[in-house]
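Descriptive analysis of the structure
Take a look at the letters that make up each chain.
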Amino acid sequence: MANASGFFTSPSIPNLRSRINVPIGVSRSGFCVSTRFSKRVLCSTLSSIDKDASSSPSQYQRPRLVPSGCKLIGCGSAVPSLLISNDDLAKIVDTNDEWIATRTGIRNRRVVSGKDSLVGLAVEAATKALEMAEVVPEDIDLVLMCTSTPDDLFGAAPQIQKALGCTKNPLAYDITAACSGFVLGLVSAACHIRGGGFKNVLVIGADSLSRFVDWTDRGTCILFGDAAGAVVVQACDIEDDGLFSFDVHSDGDGRRHLNASVKESQTDGESSSNGSVFGDFPPKQSSYSCIQMNGKEVFRFAVKCVPQSIESALQKAGLPASAIDWLLLHQANQRIIDSVATRLHFPPERVISNLANYGNTSAASIPLALDEAVRSGKVKPGHTIATSGFGAGLTWGSAIVRWR
């Protein structure tokens, strides 16, 4: 059976730990940790061995722990063709390039238009990641689509699976966690690999928040853009493990500071009750409101919670900050990025940022920035990255990973 940590236990193995003589415990990170591996993350999958077909189930040999690691082996990204500059926005709201750039660090953003679709962007990003990883779609065991803006209410991951040509019908599902989505996707991928025996997991972060922006509100419309980014996470030997730790949190009380709530459609006449003569039933048709945000409160939340989360992840990984090659944060606002880097004592030259070109692309921002940094040669194999996503929920999470 699966316990609360997501890993498998068996009531028939009461003394498993003593049998294998390896000190193992479940940390807050959700991974199993062995002190014999220099505080690196050790997780295992349970497998049955040497079953005798003639034996009864009670005579089968007990499962054994098989150490398993996971690592990032490929990345890709995609953005819409339509570029909207600060000067373009100045034509529709009372703002200007200097005002926006000074307060946010953003100069341009990409917006879906015409035949663009979120699924199309996700498929393009995923295809590039698979090509870099040298993994064919038939070998994908799981597709995780991290998005809050799917093209379909019921999710986009199965559509991506089909478009990629994953002929073995692997599991595909969406993760809705706004700007923290990609980090939670990495955590989910690691748990599926370590606890479920999956080998190749495709993690996609993609959002099209431009469809939920009030383009007459200069406080929010200047911030957001659309994009997709993807990574391939692959099972590996424990010695090659590349996801060292994570730290994840939520605080529902913070919802009042950042949300896009369901609202009833405002219509007149008989249709306002959806054709009903029974009062509140059937329910009225509804849609989502535009993004509502208290920028000052979100800023305070980010600069306080993100450094704490990264420090916690580092502690769980048993690594000092000096061991980190790159700091890669959700690309929300340059002031937030700079403030977090300062509090963690990261010099600007070790901070990855492409915010100026794309704005806040929600769940896509981290894999998009990673892909550009990898393809430009900035991030190299063996580099260790501290990454953190934060946003609506409020939800935030950090992970310490090694690239390839």
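Residues numbered from 1 in each chain as written. Predicted model: local features only at pLDDT ≥ 70, side-chain atom pairs only at ≥ 80, totals over all residues. Heavy atoms only, no water.

As named in an unreviewed UniProt entry, the chain is 3-oxoacyl-[acyl-carrier-protein] synthase III, chloroplastic, taken from Camelina sativa. The Sequence similarities (unreviewed entry) comment attached to the chain in UniProt states, word for word, "Belongs to the thiolase-like superfamily. FabH family." The Pathway (unreviewed entry) comment attached to the chain in UniProt states, word for word, "Lipid metabolism; fatty acid biosynthesis." (UniProt positions renumbered as here; feature names shortened; annotations may be inferred.)

Here the focus is the confidence of the model for the chain. Counting all residues, the mean pLDDT for the chain is 85, and 80% of those residues have values of 70 or more. Note that pLDDT drops below 50 for residues 1-30; the model gives that stretch 50 contacts with residues more than four away or on any other chain. Of the regions scoring below 50 in pLDDT, residues 32-53 engages in 75 contacts with residues more than four places distant in sequence or in other chains. (pLDDT = per-residue confidence, 0-100. Contact = heavy atoms within 4.5 Å.)

It is worth spelling out the pattern of salt bridges at this point. Tallied over the entire structure, the rule returns 8 salt bridges. The shortest N-O distance in the salt bridge between D151 and R211 comes to 3.2 Å. Here R211 lies in the loop between β9 (200-208) and β10 (226-236) and D151 lies in the loop between β7 (142-146) and α5 (157-164), a separation of 60 residues in the sequence. For D151, a relative accessible area of 34% puts it in the partly exposed group. Given a relative accessible area of 41%, R211 falls into the partly exposed group. (Salt bridge = Lys/Arg side-chain N within 4 Å of Asp/Glu carboxyl O. Helix = DSSP H or I, 4+ residues; strand = E, 2+ residues; numbered from the N terminus. Buried < 20%, exposed > 50% of the residue type's maximum accessible area, 1.4 Å probe, protein only.)

Overall, the coordinates contain 2 aromatic pairs when judged by the stated rule. With centroids separated by 5.4 Å and ring planes inclined at 70°, the aromatic side chains of F301 and W396 adopt a geometry described as edge-to-face. Taken together, the residues span a long stretch of sequence, with F301 in helix α7 (residues 295-317) and W396 in strand β19 (residues 395-402) at a distance of 95 residues. Look at F301 and you get buried, because its relative accessible area is 10%. You can call W396 buried: its relative accessible area is 12%. Taking NZ or CZ as reference, R218 lies 4.2 Å from the ring centre of W99, over its face. (Phe/Tyr/Trp six-rings, centres within 6.5 Å; stacked < 30°, edge-to-face > 60°. Lys NZ or Arg CZ within 6 Å of the ring centre and 35° of its normal.)

Where helix α4 (residues 118-133) meets α5, the closest approach of the two axes is 10 Å, and the angle between their N-to-C directions is 55°. The angle between α4 and α5 places the two elements in the oblique class. Crossing geometry of α4 relative to α5 is assigned as right-handed. Touching V119, A122, V123, A126, T127 and L130 of α4 are Q159, I160, A163 and L164, all from α5. The residue makeup of the contact of α4 with α5, split by class, is 8 nonpolar, 2 polar and no charged. (Axes fitted to C-alpha atoms, helices over the stretch in contact; angles between N-to-C directions. Parallel < 35°, antiparallel > 145°, perpendicular 65-115°, else oblique. Left-handed = near helix turned anticlockwise from the far one by under 90°. Nonpolar A, V, L, I, M, F, W, Y, C, P; charged D, E, K, R; others polar.)

This part takes up unusual backbone geometry. In this model, G393 is joined to L394 through a cis peptide bond whose omega is -10°. Structurally, L394 can be placed in the loop between β18 (384-391) and β19. For A178, which is not a glycine, the phi torsion comes out positive at approximately 50°. Inspection of the secondary structure puts A178 in the loop between β8 (171-175) and α6 (181-196). One non-glycine residue, S362, lies in the positive phi region at around 55°. Take S362: its relative accessible area is 2%, and that puts it in the buried class.

Here we come to the side chain of T384. Summarising the element assignment, T384 is placed in strand β18. Apart from residues no more than four positions distant in its own chain, T384 is found in contact with F244, A323, I324, D325, W326, I400, V401 and R402.

Turning next to the sheet that holds strand β17 (residues 351-352). Read across the sheet, 5 strands follow the order β11-β19-β18-β16-β17 without closing on themselves; strand pairing throughout is mixed. Edge positions in the sheet fall to β11 (243-250) and β17, since each of these pairs with one other strand and no more. When strand β16 (residues 326-329) meets β17, the two strands line up parallel, connected through 2 bridges. Its bridge partner being in β17, L327 is matched across the sheet by V351. (Pairing = 2+ DSSP bridges.)

The next thing to look at is the packing of α7 against helix α8 (residues 334-343). Contact pair α7 / α8: the axes reach a minimum separation of 9 Å and the direction vectors enclose 30°. As for the relative orientation of α7 and α8, their crossing is right-handed in sense. On the side of α7, the interface is formed by F299, A302, V303, K304, V306 and P307, while α8 contributes R335, I336, S339, V340 and R343. Class assignment of the residues belonging to the contact of α7 with α8 gives a composition of 7 nonpolar, 1 polar and 3 charged.

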